[in-house]
Amino acid sequence: MNQTILVTGGSGNLGSHVIGQLTGQGRQVRVLSRSVRSRHGAPAVEWCVGDLATGEGLDQALEGVGTVVHCATDGRTQHGDVAATENLLKAGARAGSSHVVYVSIIGVDRHPLPYYQGKYRCEQAIQESGLPWTVLRAAQFHDLVHFALHQAARLPVMPALADTRFQSIDTAEVARRTTELAIGEAQGRVADLPGPQTLAMADMARIYLRGTGRRRPVLPITLPGKVARAYRQGLHLAPAPLPGGRTFEEFLAAGPELKPPAAARRAAR
Ligand SMILES: NC(=O)c1ccc[n+]([C@@H]2O[C@H](COP(=O)([O-])OP(=O)(O)OC[C@H]3O[C@@H](n4cnc5c(N)ncnc54)[C@H](OP(=O)(O)O)[C@@H]3O)[C@@H](O)[C@H]2O)c1
């Protein structure tokens, strides 16, 4: 069966990789976006304008759709993603969708960052929706760390969270796993997907400076509060990295384009 697969957030970092991989496998893909665009103008990609926050356009977007790959995120508010996910699930139930695949973040059930708590509530809404579901929790993308370090390097002294480690992962690898899950049957919660190394943020900052040929002192800073403490405790980490994928250094060596999260792109307009 080759039913249409709807990708929410298909204009975003992860979503655009997922679209490329699904169409590469001959799947019929529809993208949900708030903007009219033709960035993915391939014949197999249908662009559908709609807004998860208001529910506008969702019934049309879900018509004839079997699997929904939910990659959309607002990122600016804790509650926005929850309401958006609930709107999507209601529309999916009306349309008789057969599988919802959601990409979440490692540690969202234990980490106090409000954005992560919102993601956890989205996971719960999906589990309670009555629709068949799969949830994949991934680590922070190399693209996100790259953007954060680029911002930090604008200062004469580059701040980095002290005693804080990340297991960042190549976005294309998360997309590969997401695509595999979207093509298969619903599996519930699958194994977490960390990147290939556990690196201190200060070391990532030095890798970034070396990779971009800049010179700055790196200043480890200890922020107060429960969110910074949770990062120091590693509540966003898997017990071990998953060796084999592209490391942060290899990612930078390929000269990646800077990819801010969609919320930052919209705020800059
Ligand atoms: N970035 C990371 O490090 C990371 C790590 C693990 C998991 N994740 C998860 O992976 C998913 C994708 O992340 P990403 O970094 O690729 O996101 P992103 O680049 O910021 O893209 C988010 C997309 O969401 C869409 N969107 C936002 N609000 C919408 C609304 N109201 N209605 C319809 N579409 C809406 C935007 O599309 P339009 O602007 O075209 O409407 C945008 O393309 C998210 O769920 C995120 O939490 C991310």
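The structure under discussion appears in the preceding block.
Presented here is a report on the structure given in the accompanying data block. (Residues numbered from 1 in each chain as written. Predicted model: local features only at pLDDT ≥ 70, side-chain atom pairs only at ≥ 80, totals over all residues. Heavy atoms only, no water.)

Below, the discussion takes up the site of the ligand. Near the ligand there are 27 residues, and of these Ser-11, Ser-33, Tyr-115, Lys-119 and Ala-262 occur at the shortest range. One nitrogen or oxygen atom from the main chain of Leu-52 is found 2.9 Å from a nitrogen atom belonging to the ligand. Between an oxygen atom of the ligand and a main-chain N or O atom of Val-103, the distance comes to 3.5 Å. Secondary-structure elements contributing two or more residues to the shell around the ligand are α1 (13-24), β5 (99-105), α4 (114-127) and α10 (262-268). Class assignment for the residues of the shell around the ligand results in 14 nonpolar, 8 polar and 5 charged. (Near = heavy atom within 4 Å. Polar contact = N/O pair within 3.5 Å; in protein donor to acceptor, adjacent residues only side chain to side chain. Helix = DSSP H or I, 4+ residues; strand = E, 2+ residues; numbered from the N terminus. Nonpolar A, V, L, I, M, F, W, Y, C, P; charged D, E, K, R; others polar.)

Moving on, we get to helix α6 (residues 171-183). Side chains three or four residues apart in an α-helix point the same way, a direct result of the helix having 3.6 residues per turn. With 13 residues, α6 ought to run about 18 Å at 1.5 Å a step, and its terminal C-alpha atoms sit 18 Å apart, in line with that. As for α6, its buried residues are in contact with α1, β4 (65-70), β5, β6 (133-138) and α5 (142-152). (Expected span 1.5 Å × (residues − 1). Contact = heavy atoms within 4.5 Å.)

Residue position: Val-29 is located in strand β2 (residues 29-33). Residue classification places Val-29 among the buried positions, given a relative accessible area of 0%. Taking the C-alpha atoms as reference points, Val-29 and Gly-9, 20 residues apart in sequence, are found 12 Å from one another. (Buried < 20%, exposed > 50% of the residue type's maximum accessible area, 1.4 Å probe, protein only.)

Right, let's talk about the sheet that holds strand β9 (residues 188-189) for a bit. Strands sit in the order β3-β2-β1-β4-β5-β6-β9 across an open sheet of 7 strands; the sheet is parallel. Two strands bound the open sheet, and with one partner strand each, they are β3 (45-49) and β9. By the bridge criterion, 5 bridges tie strand β1 (residues 4-8) to β4 in an arrangement that is parallel. Counterpart to Thr-8 in the pairing with β4 is His-70. Helix-sheet contacts for α1 involve β1, β2, β3, β4 and β5, and the interaxial angle to β1 is about 165°. (Pairing = 2+ DSSP bridges. Axes fitted to C-alpha atoms, helices over the stretch in contact; angles between N-to-C directions.)

It is worth stressing that arrangement in space is one thing and function is another; only the former is reported here.
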